[in-house]
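Fold and contact review
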Amino acid sequence: SRELVLKKKVYELFNHIGGLNRDVMSTMNFDNFDIHGMNADKEERDSLKRALEAARQFAQVPEDWLVMVGPPGSGKTHLAAAVANHQIEHRRSVLFASVPELIEQLAPNFGNDSKRPNFISLDRIKSCPLLICDDLSIESATTRAKEKLKQIINYRYNARYPTVITIT
């Protein structure tokens, strides 16, 4: 069906620069987000509830930025994927990128070398309707890769494009 083809194309983008398994990614939604995660205490559960509600609201009307900060395993990627899946269900474009893999893709050649396999241009990343950057971490990135990532972030901020960022 047309919807299945649309979902497949978007999930190809997940695999393309996300490095996340399409089958796993497609199961992450707001309804199966576990606010009790890893024996969370009351304060942590309250924080997870607030994060869930913020992500749900953002998914309804993606405006401005949503930034989620927390330790590994706290559910940031799940909520970011839930936002992406909500967009896909409503036939909206989204680009989900694991930042380390995005940087790796940008690093070999910063030009518009469309002959590289699975290439997505820097311009397309900068101007996509909704960009989700999972696991923002630039410690091991080259100076040039950091500059390109900063370009993407600054461009999207100045253009007021909706963006989701997860940070550990």
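For the structure itself, look to the data block above.
Worth saying up front: this structure is predicted, and the values here are computed from it rather than measured.

Here the focus is the state of the cysteines. Put plainly, a disulfide is one covalent bond tying together the sulfur atoms of two cysteines. All chains considered together, the criterion is met by zero disulfides. For the unlinked cysteine C128, the closest cysteine sulfur is that of C133, found at 8.1 Å. Note on C128: relative accessible area 8%, which makes it buried.

Moving on: unusual backbone geometry. Notably, D64 is not glycine yet its phi reads approximately 60°, a positive angle. In this fold, D64 is placed in the loop between α3 (42-60) and β1 (65-69). Residue classification places D64 among the partly exposed positions, given a relative accessible area of 48%.

Approximately 620 Å³ is the volume found for the largest pocket. Surrounding the largest pocket, 26 residues form its lining, L48, P71, G73, S74 and G75 being those nearest its centre. It is α3 that provides the largest number of residues to the lining of the largest pocket, a total of five residues. Tallied by class, residues from the lining of the largest pocket come to 10 nonpolar, 10 polar and six charged.

With that out of the way, let us pick up the packing of helix α5 (residues 99-106) against helix α7 (residues 143-159). Contact pair α5 / α7: the axes reach a minimum separation of 9 Å and the direction vectors enclose 115°. Taken together, the axes of α5 and α7 lie roughly perpendicular to each other. The way α5 lies across α7 gives a crossing that is right-handed. For the pair α5 and α7, contact is made by V99, L102, I103 and L106 and by A145, K148, L149 and I152, respectively. Of the residues assigned to the contact of α5 with α7, the class counts are seven nonpolar, no polar and one charged.

Cut-off values and rules
For every chain, the first residue of the written sequence is number 1, and numbering continues from 1 along that sequence. This being a predicted model, a pLDDT of at least 70 is required before a residue's local features are given, and a value of 80 or more before pairs of side-chain atoms are given or counted; all residues contribute to the totals for chains, interfaces and linings. Derived side-chain values reflect all non-hydrogen atoms in the structure, with water molecules and hydrogen atoms excluded from consideration. In this description, the term disulfide denotes a pair of cysteine sulfurs within 2.5 Å. A simple rule labels every residue: compare its accessible area, found with a 1.4 Å probe on the protein chains alone, to the largest value its type can have, and call it buried under 20%, exposed over 50%, or partly exposed in between. Helical segments are the DSSP runs of H or I of at least four residues, strand segments are the runs of E of at least two, and each set is numbered from the N terminus. Here a cavity means grid points, on a 1 Å grid over the protein atoms only, where a 1.4 Å probe fits yet cannot get out; a pocket means an open set of points with protein on both sides within 12 Å along at least five of seven lines; lining residues are those with an atom within 4 Å of a point. Grid points are joined across faces, edges and corners, and a volume is the space filled by probe spheres set on the points. The classification used treats Ala, Val, Leu, Ile, Met, Phe, Trp, Tyr, Cys and Pro as nonpolar, Asp, Glu, Lys and Arg as charged, and all other residues, Gly among them, as polar. Between N-to-C directions, angles span 0 to 180 degrees; the directions come from axes that are lines fitted to C-alpha atoms, helices contributing only their stretch in contact. Any angle from 65 to 115 degrees is called roughly perpendicular, while one under 35 is roughly parallel, one over 145 is roughly antiparallel, and all others are oblique. In this scheme the handedness of a crossing depends on how the near helix is turned from the far one: anticlockwise by less than a right angle means left-handed, clockwise means right-handed. It only takes one pair of heavy atoms within 4.5 Å for two residues to be counted as in contact.

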